[in-house]
Amino acid sequence: MSIRYSQDFKDSLVKLHQEGRSLKSLVEEFCPSKDSIAIRVKQATPIMIKGQSKTLKDVKQLDKRLAIFAQNLINWTIFIQLLRQHLRYDFDYKN
């Protein structure tokens, strides 16, 4: 059974690592796996994108929003095509 840690606890481990503590010492003191701490640290490590500092978590959230936007754009494009066909048919029918 896996243990669920609070977000504050996870954030504190990341902060301790960023302040210089090794993954090994954090595992020995706090008991989560080395991999879980490493993943959290990687997600919290800032990267520069077009002059702005973003974390991997921020980038993933932006990717999700972009995917939703793209799907909505596709849906609207299909709707407009169907509406044009309907209007064209309706116009031809009346003439």
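Here, the structure is the one placed above.
Here is a short report on the structure shown in this document.

A separate point is the overall build of the chain. Looking only at helices and strands, the chain has 4 helices and 2 strands in total. Listing every helix and strand of the chain by position from the N terminus yields α-α-α-β-β-α. Scaling as 2.2 N^0.38, a compact globule of 95 residues should have a C-alpha radius of gyration of about 12 Å, whereas the chain reaches 25 Å, well beyond that. Dimensions of the chain, computed from the C-alpha atoms along their principal axes, are close to 80 × 40 × 20 Å. Scored against the burial criterion, the 95 residues of the chain give a buried share of 9%.

Another point: unusual backbone geometry. Its identity as a non-glycine residue notwithstanding, C31 has a phi of 80°, on the positive side. Inspection of the secondary structure assignment puts C31 in the loop between α2 (23–30) and α3 (34–44). Even without being glycine, K50 reaches a positive phi, approximately 50°. Inspection of the secondary structure assignment puts K50 in the loop between β1 (47–49) and β2 (52–54). For K50, a relative accessible area of 86% gives the class exposed.

Taking 1.5 Å as the rise per residue, helix α1 (residues 7–18) with 12 residues should run 16 Å; its terminal C-alpha atoms sit 16 Å apart, in good agreement. Note on α1: the residue one or two positions beyond its end, G20, has a positive phi of about 120°.

Another aspect to go through is the packing of α1 against α3. In a packed pair of helices, the relevant descriptors are the angle between the two axes and the axis-to-axis distance. Orientation of α1 relative to α3, taken along the N-to-C sense of each, is 80°, at an axis distance of 9 Å. Between α1 and α3, the angle is such that the two are roughly perpendicular. Contacts between α1 and α3 pair Q7, K10, L13, V14, H17 and Q18 from the former with I37, R40, V41 and A44 from the latter. Split by residue class, the contact of α1 with α3 holds 5 nonpolar, 3 polar and 2 charged.

Let us look at a nonpolar patch on the surface. A contiguous nonpolar surface patch, about 520 Å² in accessible area, is contributed by W76, F79, I80, L83 and L87. As for its position among the elements, L87 is in helix α4 (residues 56–94).

A general trend in soluble globular proteins is that nonpolar side chains are found buried together. Judged by nonpolar contacts, L13, V14, L23, L26, I37 and V41 together constitute the single largest core of 6 residues. Taken together, the elements giving at least two residues each to this core come down to α1, α2 and α3. Once residues within four sequence positions are removed from consideration, L23 is found in contact with H17, K34, I37 and A38.

Below, the discussion takes up the packing of aromatic side chains. Any pair of aromatic rings gets described here by the distance separating the centres and the angle formed by the planes. Throughout the structure, instances matching the rule amount to 3 aromatic pairs. Their ring planes at 25° and their centres at 4.8 Å tell us that Y5 and F9 sit as a pair that is stacked. For the pair F9 and F30, a centre-to-centre distance of 5.9 Å together with 75° between the ring planes defines the contact as edge-to-face. Of this pair, F9 sits in helix α1 while F30 sits in helix α2, and the two are 21 residues apart along the sequence. Of the aromatic side chains, those joined through ring pairs into one cluster are Y5, F9 and F30.

Conventions and cut-offs
- Residues numbered from 1 in each chain as written.
- Predicted model: local features only at pLDDT ≥ 70, side-chain atom pairs only at ≥ 80, totals over all residues.
- Heavy atoms only, no water.
- Helix = DSSP H or I, 4+ residues; strand = E, 2+ residues; numbered from the N terminus.
- Rg over C-alpha atoms; globule rule 2.2 N^0.38 Å.
- Buried < 20%, exposed > 50% of the residue type's maximum accessible area, 1.4 Å probe, protein only.
- Expected span 1.5 Å × (residues − 1).
- Axes fitted to C-alpha atoms, helices over the stretch in contact; angles between N-to-C directions.
- Parallel < 35°, antiparallel > 145°, perpendicular 65-115°, else oblique.
- Contact = heavy atoms within 4.5 Å.
- Nonpolar A, V, L, I, M, F, W, Y, C, P; charged D, E, K, R; others polar.
- Patch = residues over 30% accessible without salt bridge, like charges linked within 9 Å, V, L, I, M, F, W, Y side chains within 5 Å.
- Areas by Shrake-Rupley, 256 points an atom, 1.4 Å probe, with all protein chains shown as cover.
- Salt bridge = Lys/Arg side-chain N within 4 Å of Asp/Glu carboxyl O.
- Core = buried A, V, L, I, M, F, W, Y, C linked by side-chain atoms within 4.5 Å.
- Phe/Tyr/Trp six-rings, centres within 6.5 Å; stacked < 30°, edge-to-face > 60°.

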